[in-house]
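# Report on the structure
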Amino acid sequence: MASHGIKDRVAVVAMGCTPFREHWDRSVDDLLVDAVSECLAGTTAELGDVDAFWVGTQGSGMAGVTLSKPLHVAAPVTRVENFCATGSDSFRNAAYAVAAGAYDVVMAVGVEKLKDSPYSGLTATWPPADGTRVDWTAPAAFSLLAPAYAERYGLDESTLRDVLTHIAWKNHQNGALNPRAQFRRAVAKEVISNAQPIAGPLGMYDCSGVADGAAAALIVRAEDVGRYTDNPMYVKALALTSGTGDGLRADDYLFTSFPEVVDSAADAYRQAGIENPRRDLSFAEVHDCFTPTELVLMEDLGFSERGAAWRDVLDGVFDLDGEMPVNPDGGLKSFGHPVGASGLRMLFECWQQFRGDAGERQLDKPRLALTQNLGGQPGDCVSFVSIVGDRLG
Amino acid sequence: MTVDRLAYSLDPPTVIAVVDFDGARASFEVADGDRERISIGDEVEFSFRRLHTSDGIHNYFWKAVPRRRTIDPETEH
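Residues numbered from 1 in each chain as written. Chains lettered and ligands numbered in written order. Predicted model: local features only at pLDDT ≥ 70, side-chain atom pairs only at ≥ 80, totals over all residues. Heavy atoms only, no water.

### Digging into the interface of chain A and chain B
Opposite the 28 residues of chain A that make contact, chain B presents 24 residues. Across the contact surface, chain A and chain B share 0 salt bridges. Elements that contribute at least two residues to the side of chain A that touches chain B include exactly helix H4 (138–143), helix H5 (145–153) and strand E5 (197–199) of chain A. Along the lines of polarity and charge, the residues of the side of chain A that touches chain B split into 14 nonpolar, 7 polar and 7 charged. (Contact = heavy atoms within 4.5 Å. Salt bridge = Lys/Arg side-chain N within 4 Å of Asp/Glu carboxyl O. Helix = DSSP H or I, 4+ residues; strand = E, 2+ residues; numbered from the N terminus. Nonpolar A, V, L, I, M, F, W, Y, C, P; charged D, E, K, R; others polar.)

Below you can see the structure in the form of structure tokens.
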């Protein structure tokens, strides 16, 4: 298995992203129309110029009509679902359609409305099974990472707590600077450390929030960007790995890594020609669904050596003013995780950072960024990695 | 293993263990008394228990239970 990659062949020329909120007064249709309208408002393109659409939603709609009805366009619309990588995979498939020459102008959209459910968390409708499936929640499944990491690398309970707290603290600090984030307040470290327990060693602030939201990206051939914008965002790499699930079926998986992330990152770095991600990337948006997830991702993405991410976290390497900012927009921690929208929300931060539109979170002349999005659980997941840049080459 | 304080349970909190069997692995709910005190590396045994109830119909399946250390010859427990 191998990928050729489409480095610099397609570009994003407009984006939109609703605030992520408890949108009691907005329907799925409203959120989609808002994201698409904001996207188109930033370019010369009109809705009728869009040749095809991809709409990602995990459970807020079925089929392409989820988008074609609220937009009131009869057009090719593909509904995408790929766990929590749904929004990212919508973007990936849309970009490939342009790179293939099938269409000139496409739009990738993602939406999720979670707050209408009586359950505070992600819900899914699974196919009928034999009734022996164990029901455990996402925080429980991801909580396995924390003690496993601590045991493998010799962290005591208090140091582990400090590391996880720093990750939550950092992402809330960043989110406090972002008007589109759901949670826009910094949270004190002692509040994070002493929050009520949710699963294993994870407290409430170790978990990402639950929100409603939508985001959209307009994608064209790289040679056509001049018709639409002066500040495009070029696609350097798109990688996706769906795992074998062996981590939950065979006893050699240690819960200290996501092999699917390692695999998709290697593919993305090869496509983009990146040899040293920590040196070459300006920043990264990663899937901080739970604090230990972000810890492990720093190693799986090659930002830290194995067993060294905890120290890098405590040293502030991934802080907004650190060597390698991670989740400058506040991440899932501050935004919540409307599944279909999250991957595109990460790309929206890249879009804003490259254009100098990131306000108080603005980084100094970022050129190359990574987004990483995963779904499932440790041992059985899908992982997406993209690399985007502000210029060709 | 982990203690899931968010999952719906007939007998909260739900305790989940990833159990290894000489090469293979599967995840189970843990039942019985001191289940929150089990730790990584502990041995478990299995007991056929109620897993779900829906519309008055019970569904039974294997749950892991902490391995009993001693057996009373009188009661065999």
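### Side note on the packing of H5(A) against helix H10 (residues 291–300) of chain A
All names here are of chain A. Where H5 contacts H10, the two axes come as close as 9 Å, and the packing angle between them is 50°. Classed by the angle they form, the pair H5 and H10 counts as oblique. With respect to the hand of their crossing, H5 and H10 are arranged in left-handed fashion. Every residue of H10 that contacts H5 at Leu145, Ala146, Tyr149 and Tyr153 is listed here: Pro292, Thr293, Leu295, Val296 and Glu299. (Axes fitted to C-alpha atoms, helices over the stretch in contact; angles between N-to-C directions. Parallel < 35°, antiparallel > 145°, perpendicular 65-115°, else oblique. Left-handed = near helix turned anticlockwise from the far one by under 90°.)

### Re the environment of Ala181(A)
Residue and element names in this part refer to chain A. Mapped onto the elements of the fold, alanine 181 is located in the loop between helix H6 (157–175) and helix H7 (189–193). Separated by 153 residues in sequence, alanine 181 and serine 334 have C-alpha atoms that sit 5.7 Å apart. Ignoring any residue separated from it by four or fewer positions in sequence, one finds alanine 181 in contact with Phe20, Arg21, Gly175, Ser334 and Phe335.

### Section: the sheet that holds strand E1 (residues 10–17) of chain A
Residue and element names in this part refer to chain A. In spatial order, the strands read E3-E2-E4-E7-E1-E8-E11-E10-E9; together these 9 strands make up an open sheet with mixed pairing. Edge positions in the sheet fall to strand E3 (77–80) and strand E9 (283–285), since each of these pairs with one other strand and no more. With direction set aside, neighbouring strand axes in the sheet form an average angle of 25°. Summarising the sheet, E1 and strand E8 (residues 233–242) pair through 2 bridges and their orientation is antiparallel. Note that in E8 the partner of alanine 11 across the bridge is tyrosine 234. (Pairing = 2+ DSSP bridges.)

### Some details on unusual backbone geometry
Residues and elements named next belong to chain B. Between proline 12 and proline 13 the backbone carries a cis peptide bond, its omega angle lying at -5°. You will see that aspartate 55, though not glycine, has its phi angle at about 55°, which is positive. Note on placement: aspartate 55 falls in the loop between strand E4 (44–54) and strand E5 (57–66). We classify aspartate 55 as exposed; its relative accessible area is 78%. (Buried < 20%, exposed > 50% of the residue type's maximum accessible area, 1.4 Å probe, protein only.)

### Side note on the packing of H6(A) against H10(A)
The axes of two packed helices give the description: the angle between them and the distance between them. Residues and elements named next belong to chain A. Following both chains from N to C, one finds H6 and H10 inclined at 95°, their axes separated by 9 Å at the closest point. Taken together, the axis directions place H6 and H10 in an arrangement best described as roughly perpendicular. On the side of H6, the interface is formed by Val163, Leu164, Ile167, Ala168, Lys170 and Asn171, while H10 contributes Thr291, Pro292, Glu294 and Leu295.

Remember that the coordinates give geometry; whether it matters functionally is a separate question.
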